[in-house]
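# Fold and contact review
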Amino acid sequence: MSVRDILKMGDPRLLRVAPPVTGFDTDELHLLVADMFETMRAVNGAGLAAPQIGVDLQLVIFGTDAVNPRYPDAPLVPRTVLLNPVITPLSDDEENGWEGCLSVPGLRGVVPRFSRIRYTGFDPYGDPIDRTVDGFHARVVQHECDHLMGVLYPMRIRDFTQFGYTEVLFPGLDASEDD
């Protein structure tokens, strides 16, 4: 396992649409997933998409077994590996919430997301995943899956008065944890 470099906003590779995963349960795929979890842990991420480390595949990981220092008030989200995801909003209801991103370090913004979603896809072995979620879990899934379509969260912000540097907006958080 190794910690991979995370691409930053401005890198054109973050704007590409990722193709689906076609080979499941391969050594290469399992190594990639292990590297992604190692990378996410190293920077206290809530999730990570393969395109963020320069890998063009529809693969996201998210969740931890402990409170995330970047989102200390957020509920735990189960550790998940999701390939070829499909998100279905279960209503038109949206919630605004603060988001950050490992590819947009040091900044946070209020982003509208669907309140309740169903997501489907596959695990690394090709077994189906089908979950209905809401709240922070739904937000994390939508955020990570946006990366697969070349969308970064600032593109979804509607009110730029609610976008700025973490150290200014959240002085109680360690800004070095937001890189």
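Reading the values: rules and limits
Every chain begins its residue count from 1, and numbering advances along the sequence as written. Totals for whole chains, interfaces and linings use every residue, but because this is a predicted model, local features are given only for residues with pLDDT of at least 70 and side-chain atom pairs only at 80 or more, for both listing and counting. Working from all heavy atoms in the structure, the side-chain values ignore hydrogens and water. What counts as a helix is a DSSP run of H or I of at least four residues, what counts as a strand is a run of E of at least two, and both are numbered from the N terminus. The buried label applies to any residue whose accessible area, calculated with a 1.4 Å probe on protein chains only, is under 20% of its type's maximum; exposed applies above 50%, and partly exposed to all values in between. Note on pairing: two strands pair once DSSP finds at least 2 bridges between them. With a 1 Å grid spanning the protein atoms alone, the term cavity applies to any set of points in which a 1.4 Å probe fits but cannot get out, the term pocket to an open set with protein on both sides within 12 Å along at least five of seven lines, and the term lining residue to any residue with an atom within 4 Å of a point. Grid points are joined across faces, edges and corners, and a volume is the space filled by probe spheres set on the points. Under the scheme applied, nonpolar residues are Ala, Val, Leu, Ile, Met, Phe, Trp, Tyr, Cys and Pro; charged residues are Asp, Glu, Lys and Arg; polar residues are all the others, including Gly.

Time to look at the environment of Gly97. One can find Gly97 in strand E4 (residues 94–101). The exposure class assigned to Gly97 is buried, which follows from its relative accessible area of 15%. It is 16 Å that separates the C-alpha atoms of Gly97 and Ile117, two residues lying 20 residues apart in sequence.

What follows is about the pairing of strand E7 (residues 128–134). Two faces, one strand: in a regular strand the side chains alternate between the faces of the sheet. Sheet analysis places strand E6 (residues 116–122) next to E7, joined by seven bridges and oriented antiparallel. Bridge pairing links Arg118 to Thr132 in E7. The hairpin turn running from E6 into E7, its antiparallel successor, is five residues long, and Gly126 in that turn takes a positive phi close to 90°.

Following the criterion strictly, the structure yields three cavities of 30 Å³ or more and no others. Approximately 150 Å³ is the volume found for the largest cavity. Taken together, 16 residues make up the lining of the largest cavity; nearest its centre are Ala46, Tyr71, Gly100, His143 and Glu144. The element that contributes the greatest number of residues to the lining of the largest cavity is helix H2 (residues 135–148), accounting for six residues. Residue classes in the lining of the largest cavity are distributed as seven nonpolar, five polar and four charged. Put simply, the second largest cavity is a space of about 100 Å³. Surrounding the second largest cavity, 14 residues form its lining, Thr64, Asn68, Pro75, Val77 and Phe136 being those nearest its centre. Considering only residue class, the lining of the second largest cavity consists of ten nonpolar, four polar and no charged.

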